[in-house]
Amino acid sequence: MKKNLSAAAVLLMTAVLAGCGGSGASGESTAAAGSSEAAETEAAGQTAEEESGGQESDGKTTFTVGFDAELPPMGFIDDDGNYVGFDLDLAREAADRMGMEFVAQPILWDAKDMELDNGTIDCVWNGFTMTGREDEYTWTEPYMNNEQVFVVMADSGISNTSDLAGKVVEVQVDSAAETAINDDPDLKATFASVETTPNYNQAIMDLEMGAVDAVAMDSVVAKYLLTQRGTDAVILDDAISSEQYAVGFKLGNEELRDKVQAALEEMAADGTMAEISTEWFGSDITTIGK
């Protein structure tokens, strides 16, 4: 796997996100605000016109993809300050096949609905869980399976969900993990508390510092983060829930959804999707056409 997460970039983005409103108050703002937006845009080599979404760029209509820039390997900032990731590679390839100009637009995860409603982004493509949200967005077919899991420190003495009784669990705000825990009130009641954080990089750092006892998160993201960070943490075998990733559009935007779906099917048929998956995960773990 040739893509690595920059530790400096993680700390920078964590600080930026924290300054945008913390764990719960950020729903009223976008992820690219003020000077941080200009810095991120410049780092990605994108102009302000290209970031606006739905505009003409060099004769092409833009395809603006909203993503959480703190969710490796799906979307994040690399050592050179560029937006990279498995989902962004898929989206870039889809845009090329649709004859559109690809624009990666970082967003706060709990502001994604506002971004879609405002037309700032055309879709959310970033480890976006379709399961349980089928009626809230217009979706492509799912392209990957995932699970919500608990991550704990190896020396914590926690080996299953029963051992989490009386423990502090942390989740990303407005995440599938938060939904899965809220949907299991009996399990949630056993925890001392459920805390929220803007992103999973911060959650893992909280875990390493002992601020929380466990982090509930996507298994795909957890495996990548733990490998890249080299942290002494493990994933519990007990999964909270199983789910599927898909590309989400504003409800009713079937025209663009159909174009993206067709591009995904082409990529699956000619092997491009498998190549991108293998580059990031070491094997083809996608599901379209399987």
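Labelled according to an unreviewed UniProt entry, the chain appears under the name Amino acid ABC transporter substrate-binding protein, originating from Candidatus Lachnoclostridium pullistercoris. Note on the chain: under the UniProt heading Subcellular location (unreviewed entry), the record states "Cell envelope". UniProt annotates the chain under Sequence similarities (unreviewed entry) with the comment "Belongs to the bacterial solute-binding protein 3 family."

Engineer: Looking at this structure, I do not really get the overall build of the chain. What am I missing?
Structural biologist: Scanning the chain from terminus to terminus reveals 11 helices and 14 strands. Across the 290 residues in the chain, those meeting the buried criterion constitute 52%. At a minimum sequence separation of 6, the contacts of the chain that also span at least 24 residues come to 76%. When the accessible surface of the chain is totalled, it reaches about 11,900 Å², and 46% of it is carbon and sulfur.

Engineer: Would you take a moment to explain the pattern of salt bridges for this structure?
Structural biologist: Between side chains of opposite charge, pairing is possible as soon as their charged atoms come close. Within the structure shown, the criterion is met by eight salt bridges. Among the salt bridges present, the one from D258 reaches R257, with a minimum N-O distance of 2.7 Å. Several salt bridges share partner residues, and in doing so they unite E93, R97, E266 and D270 into one network.

Engineer: What should I look at first to understand the packing of aromatic side chains in this one?
Structural biologist: The geometry of an aromatic ring pair comes down to the distance between the two centres and the angle between the two planes. Counting across every chain of the model gives 12 aromatic pairs. Measuring from ring centre to ring centre gives 5.3 Å for F67 and Y83, while their planes differ by 70°; the resulting arrangement is edge-to-face. Pair noted here: F67 is in strand β2 (residues 60–67) and Y83 is in strand β5 (residues 83–84), with a separation of 16 residues, a long-range link. Side by side, F67 and Y83 carry an identical accessibility label, which is buried. Centroid distance F86 to Y143: 6.5 Å. Interplanar angle 45°. Geometry classified as tilted.

Engineer: Before we go on, may I ask you to explain the confidence of the model for the chain in this structure?
Structural biologist: Scored by pLDDT, the chain has a mean of 84; 79% of the residues are at 70 or more. Within the model, pLDDT remains below 50 along residues 1–53, and this stretch shows 119 contacts once partners closer than five positions in the same chain are excluded.

Engineer: Can you help me understand the environment of T196 in this one?
Structural biologist: Along the polypeptide, T196 turns up in strand β11 (residues 193–197). Sequence spacing of T196 and E170 is 26 residues, and the spatial spacing of their C-alpha atoms is 5.5 Å.

Engineer: When you look at the environment of E195 in this model, what are you seeing that I'm missing?
Structural biologist: For E195, the position within the fold is in strand β11. Under the relative-accessibility criterion, E195 is labelled partly exposed at 35%. Remark: the alpha-carbon pair of E195 and E178, spanning 17 residues in sequence, is separated by 9.4 Å. When residues no more than four places from it in sequence are discounted, the contact partners of E195 are V168, V169, E170 and V171.

Engineer: What is the right way to look at the sheet that holds β5 in this model?
Structural biologist: Note on sheets: strands pair through backbone hydrogen bonds, and any given pair is parallel or antiparallel. Strand order across the open sheet formed by three strands is β3-β4-β5, with antiparallel pairing between neighbours. Of all the strands in the sheet, just β3 (70–71) and β5 have a single pairing partner and so form its edges. Summarising the sheet, β3 and strand β4 (residues 75–77) pair through two bridges and their orientation is antiparallel. Looking at the pairing, L71 lines up with G75 of β4.

Engineer: How should I be thinking about helix α10 (residues 254–269) in this particular structure?
Structural biologist: Each α-helix turn comprises 3.6 residues. Residues three or four places apart therefore point the same way. If you check α10, its first and last C-alpha atoms are 22 Å apart, about what 16 residues at 1.5 Å a residue would give, namely 22 Å. Taken together, the buried positions of α10 are occupied by L256, R257, V260, Q261, A263, L264 and M267. Taken end-on, α10 shows its buried residues confined to a sector of 165°, consistent with a single buried face. Turned more than 90 degrees away from the buried face of α10, the exposed residues are E255 and A269. Put simply, N253 is the residue that caps the front of α10, since its side-chain oxygen is 3.5 Å from the backbone nitrogen of L256. Remark: G271 follows α10 within two positions and exhibits a positive phi of approximately 90°.

Engineer: Just to check I follow, could you spell out empty space enclosed by the protein for this structure?
Structural biologist: Any empty space left between atoms is shown by rolling a water-sized probe over those atoms. Per the counting criterion, the structure on display carries three cavities of 30 Å³ or more. Roughly 100 Å³ of volume is contained in the largest cavity. If you trace the largest cavity, you find 13 residues lining it, with L71, W109, G127, S175 and D218 closest to the centre. Looking at side-chain class alone, the lining of the largest cavity contains five nonpolar, five polar and three charged residues.

Calculation notes
- Residues numbered from 1 in each chain as written.
- Predicted model: local features only at pLDDT ≥ 70, side-chain atom pairs only at ≥ 80, totals over all residues.
- Heavy atoms only, no water.
- UniProt positions renumbered as here; feature names shortened; annotations may be inferred.
- Helix = DSSP H or I, 4+ residues; strand = E, 2+ residues; numbered from the N terminus.
- Buried < 20%, exposed > 50% of the residue type's maximum accessible area, 1.4 Å probe, protein only.
- Contact = heavy atoms within 4.5 Å.
- Areas by Shrake-Rupley, 256 points an atom, 1.4 Å probe, with all protein chains shown as cover.
- Salt bridge = Lys/Arg side-chain N within 4 Å of Asp/Glu carboxyl O.
- Phe/Tyr/Trp six-rings, centres within 6.5 Å; stacked < 30°, edge-to-face > 60°.
- pLDDT = per-residue confidence, 0-100.
- Pairing = 2+ DSSP bridges.
- Expected span 1.5 Å × (residues − 1).
- Arc of directions from axis to C-beta.
- Polar contact = N/O pair within 3.5 Å; in protein donor to acceptor, adjacent residues only side chain to side chain.
- 1 Å grid on protein atoms, 1.4 Å probe; cavity = no way out; pocket = protein on both sides within 12 Å on 5 of 7 lines; lining within 4 Å.
- Points joined across faces, edges and corners; volume = space filled by probe spheres on them.
- Nonpolar A, V, L, I, M, F, W, Y, C, P; charged D, E, K, R; others polar.

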